[in-house]
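Residue-level structure breakdown
As a plain string of letters, each chain reads:
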Amino acid sequence: MKIVIIPSGFKECLNAEEVASSMDTGIRRFDRNVDTVVIPMIDGGEGFAETIINIKKGELIYKRVTGPVGEQIMSHFGVYEEKGEKTAVIEMAAVAGLKLVPRSMRNPLKTTTFGVGELITAALDENVDHIIIGCGDSGTSDGGAGMAQALGVQFLNQQNHLLDIRGGGDLSEISHIDLSSLDERISKVNIDVACNWHNILCGEKGVARVFAPQKGATPREVEILSHGLEHYASLIQEAKGIDVRVVPGSGASGGLGAGLLAFTHAVLHPRYDIIMQYIQLEEHIQDADLVLTAEGCLDGQTPNGKIPSEVSRIAKLAGVPVIAITGTIGEGASINYTSGIDAYTSIIQKPTSLESAMEEAAIWIADSAEAAIRQIQIGYNIAERKYKRDVI
């Protein structure tokens, strides 16, 4: 049997490589001779830069920059050279990700993407020709205003005083956008953004209403953010002539997609259009007997561009069955049966706290992978017995 293992990470718990290793461990406990292909999957979030730099044999550059709650943190970006072009790879999650926001401080009204702009500036200092930015796993909802400030964009209030935008809660205070001090180098590089194509900035399905609660926003704070992002979009349209409200990907990473589109002339791409240039899934899946994927929470949002959905889409084209292993099973999870996942199971086998589940996740993932393969073996045994009975 050939099994291809293609998981995402479990956010704030295990990265994709750790999840993949645990799944492989569980399978090999059952049968050491199973042919496994392990492909830790990235979606623009945690691990994006490191994975691509490893594939391209580039270099990670470490910088002290501003974290999502305003403190100085050590972050990184990658650089590689190919065909005479120097490319920087920036991972939004490594500087403004939810994992970097202490649980007691999770309030997207007060978290910033300023550090993303600092990493872009650092990449420009490396004289790169091209920048790839991965959007995912964010802890912010400031529409990329913090990032823009770090690049020289100035936001002014009604009194024409300079504002310090420290989170999505400050967007409603902006009256005017001044682009005169924007770093001129930004217009001389090509910037591609890997983002969730389903995320938009404004409206009932806008990023504030859909994702801000996951980042700690109360219902009242969701309304403040939604209003602020709508106001921000109107100012961008006035300053740049671009309506970013419902552009596909504009809501990525709390609206960072909109900020990148407006202030850096970046091109937003469905994240797998970029990622598949580096990770060739089709050739590995084509002759597999089974695909195992994984996600921290499988729910009704999973078909909207999450890794298990993309993996199952490709597997279905090759006629290969897919089992998903998940930390938790959320509301609307059954829709995944219609989007290509044949079966799914939670690693949690008994009542437990979140802290305990995170501590035991690697062990439980291995247990779940072993159990899945044992159940498949039962199916083989039943089929073999039926075959022998029918032949006899």
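Everything below is about the structure printed above this text.
Residues numbered from 1 in each chain as written. Predicted model: local features only at pLDDT ≥ 70, side-chain atom pairs only at ≥ 80, totals over all residues. Heavy atoms only, no water.

Topic: the overall build of the chain
The helix and strand tally for the chain stands at 12 helices and 13 strands. For a compact globule of 392 residues, the expected C-alpha radius of gyration is about 21 Å, and the chain comes in at 22 Å, within 12% of that figure. If you line up the chain on its principal axes, its C-alpha atoms span 90 × 50 × 35 Å. The proportion of buried residues among the 392 residues of the chain is 54%. Taking as baseline every contact in the chain between residues at least 6 positions apart, the subset at least 24 positions apart corresponds to 72%. Carbon and sulfur atoms make up 49% of the accessible area of the chain, which totals about 17,500 Å². Taken as two groups, the 34 positive and 51 negative side-chain charges of the chain have centres that lie 5 Å from each other. (Helix = DSSP H or I, 4+ residues; strand = E, 2+ residues; numbered from the N terminus. Rg over C-alpha atoms; globule rule 2.2 N^0.38 Å. Buried < 20%, exposed > 50% of the residue type's maximum accessible area, 1.4 Å probe, protein only. Contact = heavy atoms within 4.5 Å. Areas by Shrake-Rupley, 256 points an atom, 1.4 Å probe, with all protein chains shown as cover. Lys, Arg positive; Asp, Glu negative; His and termini not counted. Charge placed at Lys NZ, Arg CZ, Asp CG, Glu CD.)

As for the sheet that holds strand β12 (residues 322–329)
With parallel pairing, the five strands of this open sheet are ordered in space as β2-β1-β11-β12-β13. Of all the strands in the sheet, just β2 (35–38) and β13 (343–346) have a single pairing partner and so form its edges. Across the sheet, the mean angle separating the axes of adjacent strands is 25° when strand polarity is ignored. Bridging between strand β11 (residues 290–298) and β12 involves seven bridges; their strand directions are parallel. Across the sheet, residue Leu292 finds its bridge partner in β12, namely Ile323. On top of the sheet, helix α1 (residues 16–30) reaches β1 (2–7), β2, β11 and β12; it is set at about 150° to β1, its chief contact. Those strands touched by helix α12 (residues 354–391) are β1, β11, β12 and β13, and its axis lies near 145° from that of β12. (Pairing = 2+ DSSP bridges. Axes fitted to C-alpha atoms, helices over the stretch in contact; angles between N-to-C directions.)

Side note on the packing of aromatic side chains
All told, the structure shown has three aromatic pairs when counted by the stated rule. Judged by centre distance (6.4 Å) and plane angle (50°), the ring pair of Phe155 and Tyr232 falls under tilted. With Phe155 in strand β7 (residues 154–156) and Tyr232 in helix α7 (residues 219–240), this residue pair connects regions lying 77 residues apart in the sequence. The same class applies to Phe155 as to Tyr232, namely buried. Pairing Tyr337 with Tyr344 gives two aromatic rings, centres 4.8 Å apart and planes at 20°, and the pair type is stacked. Cluster of aromatic residues (ring-pair linked, three or more members): Phe155, Tyr232 and Phe263. (Phe/Tyr/Trp six-rings, centres within 6.5 Å; stacked < 30°, edge-to-face > 60°.)

So, α1
With 15 residues, α1 should cover 21 Å at 1.5 Å per step; its first-to-last C-alpha distance of 22 Å lies within 8% of that length. Looking only at α1, the buried set comprises Ala16, Val19, Ala20, Ser22, Met23, Asp24, Gly26 and Ile27. Contacts from the buried residues of α1 go to β1, β2, β11, β12 and α12. Put simply, Asn15 is the residue that caps the front of α1, since its side-chain oxygen is 3.1 Å from the backbone nitrogen of Glu17. (Expected span 1.5 Å × (residues − 1). Polar contact = N/O pair within 3.5 Å; in protein donor to acceptor, adjacent residues only side chain to side chain.)

Re the pattern of salt bridges
Taken as a whole and assessed by the stated rule, the structure comprises 21 salt bridges. The partner of Glu370 in a salt bridge is Arg374, with the nearest N and O atoms 3.0 Å apart. Taken together, the positions of Glu370 and Arg374, both in helix α12 and four residues apart, correspond to about one turn of that helix. Judged by its relative accessible area of 15%, Glu370 is buried. Residue Asp390 is joined to Lys386 by a salt bridge in which the shortest nitrogen-to-oxygen separation is 3.0 Å. Taken together, the residues span about one helical turn, with Asp390 and Lys386 both in helix α12 at a distance of four residues. Linked through salt bridges whose partners overlap, the residues forming this network are Arg29, Asp367, Glu370 and Arg374. (Salt bridge = Lys/Arg side-chain N within 4 Å of Asp/Glu carboxyl O.)

Some words on the packing of α1 against α12
Viewed as axis vectors pointing N to C, α1 and α12 meet at an angle of 45°, and their least axial separation amounts to 7 Å. Judged by the inter-axis angle, α1 sits oblique to α12. Between α1 and α12 lies a crossing of right-handed hand. Contacts from Val19, Ser22, Met23, Gly26, Ile27, Arg29 and Phe30 in α1 reach Ala362, Ile365, Ala366, Asp367, Ala369, Glu370, Ile373, Arg374 and Gln377 in α12. Its residues assigned to classes, the contact of α1 with α12 comprises nine nonpolar, three polar and four charged. (Parallel < 35°, antiparallel > 145°, perpendicular 65-115°, else oblique. Left-handed = near helix turned anticlockwise from the far one by under 90°. Nonpolar A, V, L, I, M, F, W, Y, C, P; charged D, E, K, R; others polar.)

Digging into unusual backbone geometry
The phi angle at Lys57 is positive, at roughly 55°, despite the residue not being glycine. When you line up the elements, Lys57 lands in the loop between α2 (48–56) and β3 (59–66). For Lys57, a relative accessible area of 74% gives the class exposed. Despite not being glycine, Asn160 has its phi angle at roughly 65°, a positive value. Structurally, the position occupied by Asn160 is in the loop between β7 and β8 (176–178). On the accessibility criterion, Asn160 (53% relative accessible area) is exposed.

Focus on the pairing of strand β4 (residues 72–82)
Here eight bridges tie β3 to β4, and the two strands are oriented antiparallel to one another. When the sheet's bridge partners are listed, Thr66 is paired in β4 with Gln72. Here β3 folds back onto β4 in antiparallel fashion, the turn holding five residues, of which Gly70 has a positive phi close to 95°. Sheet topology note: the β4/strand β5 (residues 85–91) ladder contains six bridges and is antiparallel. Looking at the pairing, Phe77 lines up with Ile90 of β5. Counting the residues in the hairpin turn of β4 and β5 gives two residues, including Lys83, whose phi is positive at 50°.

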